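Here is how the chains run, residue by residue.
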Amino acid sequence: MTDDIQQVEVLVIGAGPAGATAALHAAQQGYEVLLCDSAPFPRDKTCGDGLTPRALKQLRDLNIAERVLPPFRTDGLVLHGFGSDIYAPWPDSIFGKEGSAVPRQQFDHALVQEAIRCGVTFWGGAKARQARVDHGRLEHIQVGEKLIKPKFALVCDGVRSPVGKELGREWQQQEVYGIAARSYCTTPRAEEPWIHSHAELRSEDGKIQPGYGWIFPLGGEQGKVNLGCGALSTSARPAKINTKKLLEFYAAQQREEWQLGAPEQVTSALLPMGGSISGVAGKNWALVGDAAALVNPLNGEGIDYGMESAQLAVMMMASQKNPDFRRQWPEILRAEFGTAFLLGRTIARALTLPRFLPIAGSLALKEPIGPRLMPVAARLMGNLISEEDQDLVARIWRATGHSATSWRYIRRQLGRSITPLWGEQI
Ligand SMILES: Cc1cc2nc3c(=O)[nH]c(=O)nc-3n(C[C@H](O)[C@H](O)[C@H](O)COP(=O)(O)OP(=O)(O)OC[C@H]3O[C@@H](n4cnc5c(N)ncnc54)[C@H](O)[C@@H]3O)c2cc1C
């Protein structure tokens, strides 16, 4: 080994919510941590900027919620469509009853600052590349101008995961994924404490579009909403929409009601979801966050799952003398997120069928079913049920998820077509 190689205990590649959180947890566990990102910070990230109560709990558990979040909070979700406007407040659970929304440029930067406060070394504008792997072990990797030899590496390099690809990551595109665009629009209603989702998007000729729209207020300080739209897709049934055009059209439809300014900073991106990635770990490295498709297929939420998976990876690393991520990491992901993601994927896949949404939407959202069903659906979609909840919905959900019979039944029904959850053939 030459003097040019710098050894580090934990290298975290990518400083989005997954990477910054992983670095923070690792520093709190006493590791020497190098966090790098190819972009100089602060940087923008295409996102809806929405934080559910699950995400707020992560921030509270880390004791950083007050510093990272502005005071703006949301009370829940309003679902619009098929003649209904249904309010679904965040349910009362261990996650709390508050959400928020913060532009990612601000949120991700604040998280990185917290990691630095904890002793993490941060290199912005330092791209990781040219990974050298030997028998499943990441030996060294170029980071900016330096060659780094990490004891452990947590690869949090996002949806395209260039380092993950070098390490053997594969994205199963036959499984459901999202395509989406977002923008920022000025509005006098930026303080409204509800996030809005429109399930029925129609074109000028009245045809239902295969997508959905969202409006997430960002609080009075910002004076803006994050407005976007997306659609679910598979390689067999690709969504044939131009998300940026659909966004302009959606914004025009909402302009009067929200007194919206023109959409600004319009960007679009893909969202692999529901664990549709294989090759998520090697001996001393693991993919975390979007790199491992840790996005809830039912609501597109990935910030929280990035943060949760970051904590799990650090806990695994810290709890063993010689941890080996290869077998354990996919098992941990399946145990923690498998049931919710598998059920989510199944429903999301049904939503890619052209006739499913118009029929299911008009049944599920309309009176008298809608107002009763949708708050329950929003709770399930947000994965906002915990082991502690004792109400009927929670008990049925747990029984379904935990029952070996129903688990086997789901697997049998889907076995022919469903692709692996983090590499598991089912
Ligand atoms: C349109 C859209 C709307 C969304 N809305 C929401 C929402 O409202 N709420 C929600 O919870 N989730 C939402 N998501 C999902 C959410 O944005 C992601 O799940 C989340 O950003 C995942 O965080 P991450 O840290 O894994 O990855 P990222 O946030 O993408 O961070 C990855 C980082 O890695 C860096 N990087 C990449 N390559 C390298 C390299 N070679 N070397 C060093 N660094 C590298 C990148 O610069 C980046 O900073 C949305 C996604 C999209 C596309």
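Residues numbered from 1 in each chain as written. Predicted model: local features only at pLDDT ≥ 70, side-chain atom pairs only at ≥ 80, totals over all residues. Heavy atoms only, no water.

The protein is annotated in an unreviewed UniProt entry as Geranylgeranyl reductase family protein from Corynebacterium poyangense.

Chemist: Is there a simple way to explain the packing of helix α1 (residues 17-28) against helix α7 (residues 303-318) in this structure?
Modeler: Geometry of a packed helix pair, given as the angle between the helix axes and the separation of the axes. Closest axis-to-axis distance for the α1/α7 pair is 8 Å, and the angle between their directions is 30°. Where α1 crosses over α7, the handedness of that crossing is right-handed. Only I303, G306, M307, A310, Q311, V314, M315 and M317 of α7 make contact with α1, whose side of the interface consists of P17, A18, T21, A22, H25 and A26. Of the residues in the contact of α1 with α7, the class split is 10 nonpolar, 4 polar and no charged. (Axes fitted to C-alpha atoms, helices over the stretch in contact; angles between N-to-C directions. Helix = DSSP H or I, 4+ residues; strand = E, 2+ residues; numbered from the N terminus. Left-handed = near helix turned anticlockwise from the far one by under 90°. Contact = heavy atoms within 4.5 Å. Nonpolar A, V, L, I, M, F, W, Y, C, P; charged D, E, K, R; others polar.)

Chemist: What's the story with the sheet that holds strand β4 (residues 76-81) in this structure? I'm lost.
Modeler: Across a sheet, strands are paired by hydrogen bonds formed along the backbone, either parallel or antiparallel in direction. Spatial strand order, β5-β4-β13-β14-β15-β12-β16: 7 strands in an open sheet with mixed pairing. Every interior strand has two partners, whereas the edge strands, β5 (84-89) and β16 (264-272), have only one. Neighbouring strand axes in the sheet, compared pairwise and without regard to direction, differ in orientation by 20° on average. The sheet contact formed by strand β13 (residues 194-198) and strand β14 (residues 212-217) spans 3 bridges and is antiparallel. Paired with S197 across the bridge in β14 is W214. (Pairing = 2+ DSSP bridges.)

Chemist: Which parts of the structure should I look at to understand the site of the ligand?
Modeler: The full set close to the ligand counts 36 residues, and D37, R43, G48, R104 and D290 are the nearest of them. Between the ligand and the protein, one listed contact pairs an oxygen atom with a backbone N or O atom of A18 at 3.0 Å. Between the ligand and the protein, one listed contact pairs a nitrogen atom with a backbone N or O atom of G50 at 2.9 Å. (Near = heavy atom within 4 Å. Polar contact = N/O pair within 3.5 Å; in protein donor to acceptor, adjacent residues only side chain to side chain.)

Chemist: Help me understand the pairing of strand β9 (residues 137-143) in this model?
Modeler: Note on strand geometry: in a regular strand, side chains alternate between the two faces of the sheet. Summarising burial for β9: 6 of the 7 residues are buried, a large majority. Note that strand β8 (residues 128-134) and β9 share 5 bridges and pair antiparallel. If you follow V133 over to β9, its bridge partner there is L138. The antiparallel pairing of β8 with β9 creates a hairpin that spans 2 residues between the two strands, and H135 there sits at a positive phi of about 50°. One ladder, built from 3 bridges, connects β9 with strand β10 (residues 146-155); its direction is antiparallel. Residue pairing in the sheet places I141 in a bridge with I148 of β10. (Buried < 20%, exposed > 50% of the residue type's maximum accessible area, 1.4 Å probe, protein only.)

Chemist: It is not clear to me how the side chain of N226 should be interpreted in this structure. Could you clarify?
Modeler: Relative to the helices and strands, N226 resides in strand β15 (residues 224-233). There is a polar contact of 2.8 Å between the side chain of N226 and the backbone oxygen of C47. Here the side chain of N226 touches W214 through a polar contact of 3.0 Å, side chain to side chain. Once residues lying within four places of it in the same chain are set aside, the contact partners of N226 are C47, G48, D49, R182, S183, Y184, W214, I215, F216 and L218.

Chemist: So what exactly am I meant to see when it comes to the pattern of salt bridges here?
Modeler: Applying the stated criterion across every chain, the model contains 15 salt bridges. Where D44 meets R182, a salt bridge forms, and the shortest distance between an N and an O atom there is 2.9 Å. Of the two residues, D44 is situated in the loop between β2 (33-36) and β3 (50-51) and R182 in strand β12 (residues 177-186); the sequence distance between them amounts to 138 residues. By relative accessible area, which is 30% here, D44 ends up partly exposed. (Salt bridge = Lys/Arg side-chain N within 4 Å of Asp/Glu carboxyl O.)

Chemist: Help me out: how do you make sense of α7 in this one?
Modeler: Given 3.6 residues per turn, any residue in an α-helix points the same way as the ones three and four places further on. With 16 residues, α7 extends 23 Å from end C-alpha to end C-alpha; this agrees with the ideal 22 Å at 1.5 Å per step. Every buried residue of α7 is listed here: I303, D304, Y305, G306, M307, E308, S309, A310, A313, V314, M316 and M317. (Expected span 1.5 Å × (residues − 1).)

Chemist: Sorry, what's going on with the packing of aromatic side chains here?
Modeler: Any two aromatic rings considered together are summarised by their centre-to-centre distance and by the angle between their planes. Applying the stated criterion across every chain, the model contains 11 aromatic pairs. Seen from their ring centres, F41 and F122 are 5.4 Å apart, and the 75° between their planes marks the pair as edge-to-face. Residue F41 is found in the loop between β2 and β3, and its partner F122 is found in strand β7 (residues 121-123); the two are separated by 81 residues along the sequence. Between F152 and F325, the ring centres sit 6.5 Å apart and the planes meet at 85°, which makes this aromatic pair edge-to-face. Highlighted residues: F152 in strand β10 and F325 in helix α8 (residues 325-351), separated in sequence by 173 residues. Three or more aromatic residues link up through ring pairs in this structure, and these residues are Y31, F152, F325 and W329. (Phe/Tyr/Trp six-rings, centres within 6.5 Å; stacked < 30°, edge-to-face > 60°.)

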